[in-house]
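Reading the structure
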Amino acid sequence: MSENPAATTPAAPATDAQPVSIARAPGSINVLLVGGGGREHALAWRLRQSPSVGEIYSTDTQNPGIASICQPLDFTFDMRDTFRLQRWCIANRISLAVIGPEEPLCGGLADALGGWEDPFAVAGAAQPAHKHTSGGLAAAVPYVFGPSRAAAQLEGDKAFAKQIMRQGQVPTAEARTFTDFDAARQYVASRQEPPVIKAAGLAKGKGVFVPSSIQEAVAALERILVQREFLDAGKTVLIEERLKGREVSVFALVDGKTIYVLDSAQDHKRLRDGAQGPNTGGMGSICPSRAVDDRMMDRIQREILVPTIDALKREGIEYRGVLYAGIMLTPAGPKVLEFNVRFGDPECQTLMARWHGDLAEHLIATADRKLEHATITFNAGASVCVVLAAEGYPDKPRKGAVIEGLEDAARIPGVQVFHAGTIRNERGLIAVSGGRVLGITATGDTPDDARDRAYAAADKIRFAGKQVRRDIGTDVVG
Ligand code: AMP
Ligand code: GLY
């Protein structure tokens, strides 16, 4: 890799590049997949279609969807016990580790498996994040898909992300950070409009408040800084200008030097139709997004992705994995709301539904800094994922309801049912075990065709208290 920051060279959505043809023997790549949600079920489903993939092992085969594809580990996964995991990966000839969620990435699992120089890269370790330099230790896994702990701070520490954006002159909401409640409260009280309040650390997607009054903003500060609802993730808050516009998720594979922008996708975060009700992890998604065209994607790449990766590089941090930029399309241009260091959930389900070619080879090309030679295309048409959520979600999801109609739903052409919050109960029946239960994902020639199929399938599935939005994949914003 070149050390010159300016060397970040985005691949044009390549049509004439050579496909990565490493000519691996069919079935020769054993994969370890970390994570147990709908995103990981979708990744497992697409990886299973890669000719080069042999066994796929998962850390979370309690998810019946994942269990139908992947082998379980023969021990309980504990990411603090990296030594055991390393030995297990070597013994089972794991060639590719795919790390789905942010927690293990921010905790340094990619460093631990990839043999990068970070001896303290374990969740909860008190030491500061080390800068990633490759080649320090022998790798337990030759190819690790997912950024190092240092790079994952882009999601794990919103104050760090703001600093990187400032250094790279990346357009984003104006923000100030505070650790002291009184100072933060005074600042909020001095604002004309209620600002957005964010816990700086990882808070399982719950640490962001978009208040509609100054009082509500102060209440959010109190929950984060005084009541410490998010524990150490709330040691620091960001008080941020509220941006207006249309939100879009942009995903790019990044191998340290090449940025390969994927098709756009968009999720719907509010619980109820018409973007009403509380924020959720996402009630559905569409790919491609209806809101961005190629020109906007080029602009996002030029103004946001490239300078961010370059700014990290100037800090001595190489980013390898998928970078997810949550972007607001404001009248003044695209601005960053947040970075995530993983695929979105449920955006990943719609991306995987249209992914073309050998996913394992693409993830290896990313880990191996060979994206420059890759061609990644998406099947024509569109995909839509409709989330079925549990009663009480997002505040207090109720567990236990038995789910019926799964086979009928899966029989509809173009439909994949991805499991998220499900479990096989003691009677062997599939039941609700979490807030977002299933992601009913369909492809179609047009967005409306994909929507129709996804809803036809979603309507076949029954469980007590099922919550579903009816406007996923439409023009509704939010
Ligand atoms: P985040 O986890 O930072 O993406 O925040 C969750 C959601 O809060 C985003 O998807 C937006 O809908 C909203 N949000 C976050 N930051 C802002 C902002 N500065 N202005 C307006 N909405 C925001
Ligand atoms: N869909 C939002 C997220 O994955 O963070």
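As a reminder, the structure under discussion sits directly above these lines.
The following paragraphs examine the structure supplied in this document. (Residues numbered from 1 in each chain as written. Chains lettered and ligands numbered in written order. Predicted model: local features only at pLDDT ≥ 70, side-chain atom pairs only at ≥ 80, totals over all residues. Heavy atoms only, no water.)

Topic: the sheet that holds strand β10 (residues 246–255)
Using the following cut-off: Here a strand pair is declared whenever DSSP counts at least two bridges between the two strands. Going along the chain from the N terminus, every DSSP run of H or I of four or more residues is numbered as a helix, and every run of E of two or more is numbered as a strand. Note on geometry: axes are lines fitted to C-alpha atoms, helical ones only across the stretch in contact, with angles between N-to-C directions running from 0 to 180 degrees.
Across the sheet, four strands lie side by side as β11-β10-β16-β17; this open sheet has antiparallel pairing. In this open sheet, the two strands that pair with only one neighbour each are β11 (259–261) and β17 (333–340). Each strand of the sheet is rotated relative to its neighbour by a mean of 35 degrees, with strand direction disregarded. Here three bridges tie β10 to β11, and the two strands are oriented antiparallel to one another.

Here's the deal with the sheet that holds strand β9 (residues 237–240)
The condition that has to hold: In this analysis, two residues are considered to be in contact whenever any of their non-hydrogen atoms come within 4.5 Å of each other.
One open sheet holds the four strands; their spatial order is β6-β9-β7-β8, and the pairing between them is antiparallel. The open sheet terminates on both sides in strands that have one partner only, identified here as β6 (175–178) and β8 (208–209). In this structure, β6 lies alongside β9, joined through four bridges in antiparallel fashion. Bridging from a neighbouring strand, Arg-176 pairs with Ile-239 of β9. Sheet strands in contact with helix α7 (residues 158–167) are β6, β7 (196–199), β8 and β9, and its direction is about 50 degrees off that of β9. Relative to β6, helix α8 (residues 181–189) is tilted by about 155 degrees, and along the sheet it contacts β6, β7 and β9.

Re the site of ligand 1
Applied cut-off: A molecule or strand has a residue near it when one of that residue's heavy atoms lies within 4 Å. The term polar contact refers here to a pair of N or O atoms within 3.5 Å; inside protein, the definition further demands a hydrogen-donor-capable atom paired with an acceptor-capable atom, and it admits residues adjacent in sequence only when both atoms are side-chain atoms. The nonpolar class holds Ala, Val, Leu, Ile, Met, Phe, Trp, Tyr, Cys and Pro. Asp, Glu, Lys and Arg form the charged class, and all remaining residues, Gly among them, are polar.
Contacts to ligand 1 come from 15 residues, most closely from Glu-240, Glu-241, Leu-243, Glu-247 and Glu-338. Leu-243 places a main-chain nitrogen or oxygen 2.8 Å from a nitrogen atom of ligand 1. For the shell around ligand 1, the elements supplying multiple residues, two or more each, are β7 and β17. When the residues that make up the shell around ligand 1 are grouped by side-chain class, the tally is seven nonpolar, no polar and eight charged.

Looking at the side chain of Asp-267
Put simply, the rule reads: Categorising residues by exposure relies on relative accessible area from a 1.4 Å probe, with only protein chains included: less than 20% of the type maximum marks a residue as buried, more than 50% marks it as exposed, and the intermediate range marks it as partly exposed.
Looking at the element boundaries, Asp-267 is found in strand β12 (residues 266–267). Taking the relative accessible area as the measure of exposure, Asp-267 reaches 9% and is therefore buried. Excluding residues that lie within four positions of it along the chain, Asp-267 makes contacts with Ser-249, Gly-281, Gly-282, Gly-284, Ser-285, Pro-346 and Glu-347.

Comments concerning the nonpolar core
What counts, and what does not: Within this scheme, the nonpolar core is defined by two criteria: the residues are buried Ala, Val, Leu, Ile, Met, Phe, Trp, Tyr or Cys, and they are joined through side-chain atoms within 4.5 Å.
Judged by nonpolar contacts, the single largest core of 54 residues is most densely connected at Leu-32, Leu-113, Leu-154, Leu-305 and Tyr-319. Core analysis: the second largest hydrophobic core is formed by 40 residues, Ile-29, Leu-33, Cys-348 and Leu-363 among them.

Regarding the environment of Ser-68
Relative to the helices and strands, Ser-68 resides in the loop between α2 (64–67) and β3 (71–72). Judged by relative accessible area, which is 58%, Ser-68 ranks as exposed. Separated by 204 residues in the primary sequence, Ser-68 and Arg-272 have C-alpha atoms spaced 31 Å apart. Within the local environment of Ser-68, its side chain forms a polar contact with the backbone oxygen of Gly-65, the two atoms lying 2.6 Å apart.

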